[in-house]
Amino acid sequence: MYYADYLSQATISQPYALMDLDDTLFQTKRKLPATDKVLICASVNKQGEPLSFFTQKQASFFHWLSAHTTLIPITARDTTEIQRVKLPFDDFKVLTHGAVILDKDNQPNHAWQTHIKQKLKAEQTTLRTIARLLDDINGFESSLLGKTALSITPHTENFDGENLTVYLAVKHNQKKHHVLETLAERLMYELPDGFYVHHNANNLAVLPDFVHKRHAVYFLMQNHFIKERPVFGFGDSLADLPFLRLLDWYGTPNKGQLHDNIGQLLWESDHE
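The numbering scheme is per chain: residues are counted from 1 as the chain's sequence reads. Selection of residues for local features in this predicted model requires a pLDDT of at least 70, selection of side-chain atom pairs for listing and counting requires 80 or more, and totals for whole chains, interfaces and linings are taken over all residues. The side-chain values count all of the structure's non-hydrogen atoms but skip hydrogen atoms and water molecules.

(A) Focus on the overall build of the chain. Each helix corresponds to a stretch of at least 4 residues labelled H or I by DSSP, and each strand to a stretch of at least 2 residues labelled E; elements are numbered beginning at the N terminus. Helices and strands together make up the secondary structure of the chain, namely eight helices and 13 strands. The globule rule is 2.2 Å times the number of residues to the power 0.38, and the radius of gyration it is compared with is taken over C-alpha atoms. In summary, the chain has a C-alpha radius of gyration of 20 Å against a globular reference of 19 Å for 272 residues, a match within 12%. For the chain, the spread of C-alpha atoms along the principal axes amounts to about 70 × 50 × 45 Å. Whether a residue is buried, partly exposed or exposed follows from its accessible area with a 1.4 Å probe, protein chains only, as a fraction of its type maximum: under 20%, in between, or over 50%, in that order. A total of 272 residues make up the chain; the buried ones form 45% of that total.

The following block contains the structure:
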């Protein structure tokens, strides 16, 4: 069958586009080159002030995706943080590293939330133990630097009226990314079984294995996506790669952790 014959017979299905947000679709102003003069606000801070921005190319890309795909954000942002993104998302939303799925009516997906709630309740004590470990490490680092080194924040979500810690977020207050990289390597040996570390620049997260974008995306694909519709997506982080590999096609911005690692692998391959 030739393509023209296919077009005459087929009903063309609109693709699903799965999109990481921060540093994939938009970014803070400090991450943009000074040559980008026209910026479009994409998200605001807690005070309602512009925080993250589209370039003109990114805004055009978002407009095209919104018009021609079913666009679904796949983000580490939680249910509070997503409200500060000033963009129209009218379908599913995967939030909090995959711990939360909101349906098209902006309500939690019951089946997924029941599954995650049951698992999280069993890990609350362990998450508190890991938080104490991080506090101890922070005390040691702070004594060396003479100031508080790390900001450690438990991220919680409400599951049927019950607030549960989902993961622990760590930032370096002086934005010394190499300190977090060293911490990530240390935690690989000190965390209990069933937990992993996600690190990208000045963001480090300690999460239970069952909280992952990949798991939430797989759930949606198996239970809510129409199998005949194409699925593609984009992400900037190594932590995005597991969910991206589920898709028919995927890509990454030309600046970011994933792109840098691909470039390094290609360089090493060329110089073997």
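Having put the structure on the table, let's press on.
(B) Representation of the side chain of K93. Note that K93 resides in strand β6 (residues 93-95). Charge counting follows a simple rule: Lys and Arg are positive, Asp and Glu are negative, and His as well as the terminal groups are ignored. Criterion for a salt bridge: a side-chain nitrogen of Lys or Arg within 4 Å of a carboxyl oxygen of Asp or Glu. Here K93 occupies a buried position and makes no salt bridge, while the nearest side chain of opposite charge, D90, is found at 6.7 Å. Polar contacts, as counted here, are pairs of nitrogen or oxygen atoms within 3.5 Å of one another; within protein the pair requires one atom able to donate a hydrogen and one able to accept it, and residues that are adjacent in sequence qualify only if both atoms are side-chain atoms. In terms of polar contacts, K93 uses its side chain to reach the side chain of N106, at 2.8 Å. Should any heavy atoms of two residues lie within 4.5 Å, those residues are considered in contact. Beyond its immediate sequence surroundings of up to four residues, K93 is in contact with I72, P73, I82, V100, I101, L102 and N106.

(C) Up close: the packing of aromatic side chains. Aromatic contacts are taken between Phe, Tyr and Trp rings whose centres are within 6.5 Å, Trp giving its six-membered ring; a plane angle under 30 degrees counts as stacked, one over 60 as edge-to-face, and the others as tilted. In this structure the tally under the stated criterion is eight aromatic pairs. Geometrically, the ring pair formed by F61 and F234 is edge-to-face, given 5.3 Å between the ring centres and 90° between the ring planes. With a gap of 173 residues between them, F61 in helix α2 (residues 56-68) and F234 in strand β12 (residues 231-234) connect regions that are remote in the sequence. Taken together, the ring pairs in this structure connect F26, F54, F62 and F89 into an aromatic cluster.

(D) The sheet that holds strand β4 (residues 50-54), seen in detail. Here we have three strands laid out as an open sheet, ordered β2-β4-β3, and antiparallel in their pairing. Among the strands making up the open sheet, the edge pair consists of β2 (27-28) and β3 (40-44). Paired strands, in this sense, are two strands between which DSSP finds at least two bridges. With two bridges connecting them, β2 and β4 associate as antiparallel partners. Following the sheet pairing, Q27 is matched in β4 by F53.

(E) Quick peek at the environment of E185. One can find E185 in helix α5 (residues 177-190). For E185, a relative accessible area of 44% gives the class partly exposed. The spatial distance from the C-alpha of E185 to the C-alpha of V197 is 8.8 Å, given a sequence separation of 12 residues.

(F) Up close: the sheet that holds strand β11 (residues 203-208). Strand order in the open sheet formed by four strands is β8-β9-β11-β10, and the pairing between neighbours is antiparallel. Here the strands that pair on one side only, and so sit at the sheet edges, are β8 (150-159) and β10 (195-200). Across this sheet, the average inter-strand angle for adjacent strands is 25°, counted without regard to direction. Both β10 and β11 contribute to a ladder of six bridges, which runs antiparallel. What sits directly across from H198, in β11, is A205. Here helix α3 (residues 110-121) sits on the sheet in contact with β8, β9 (162-172) and β11, set at roughly 70° to β9. Note on definitions: angles span 0 to 180 degrees between N-to-C directions of axes, and those axes are lines fitted to C-alpha atoms, for helices only across the stretch in contact.

(G) Spotlight on a nonpolar patch on the surface. For patch building, the residue pool is restricted to those with more than 30% relative accessible area and no salt bridge; the joining distance is 9 Å between like charges and 5 Å between nonpolar side chains (Val, Leu, Ile, Met, Phe, Trp, Tyr). Working definition of accessibility: Shrake-Rupley area with a 1.4 Å probe, residue cover restricted to the visible protein chains. A cluster of nonpolar side chains, namely M1, Y3, Y6, L7 and I12, defines an oily patch on the protein surface of about 610 Å² accessible area. Residue position: Y6 is located in helix α1 (residues 3-9).

(H) α5, seen in detail. To estimate how far a helix should extend, the number of its residues minus one is multiplied by 1.5 Å. Taking 1.5 Å as the rise per residue, α5 with 14 residues should run 20 Å; its terminal C-alpha atoms sit 20 Å apart, in good agreement. By the burial criterion, the buried members of α5 are V179, L180, L183, A184 and L187. Angular distribution of buried residues about the axis of α5 spans 140°; they occupy a single face of the element. For α5, exposure combined with an orientation more than 90 degrees from the buried face picks out H178, M188 and Y189. Here the arc refers to the set of directions running from the helix axis out to each C-beta atom.

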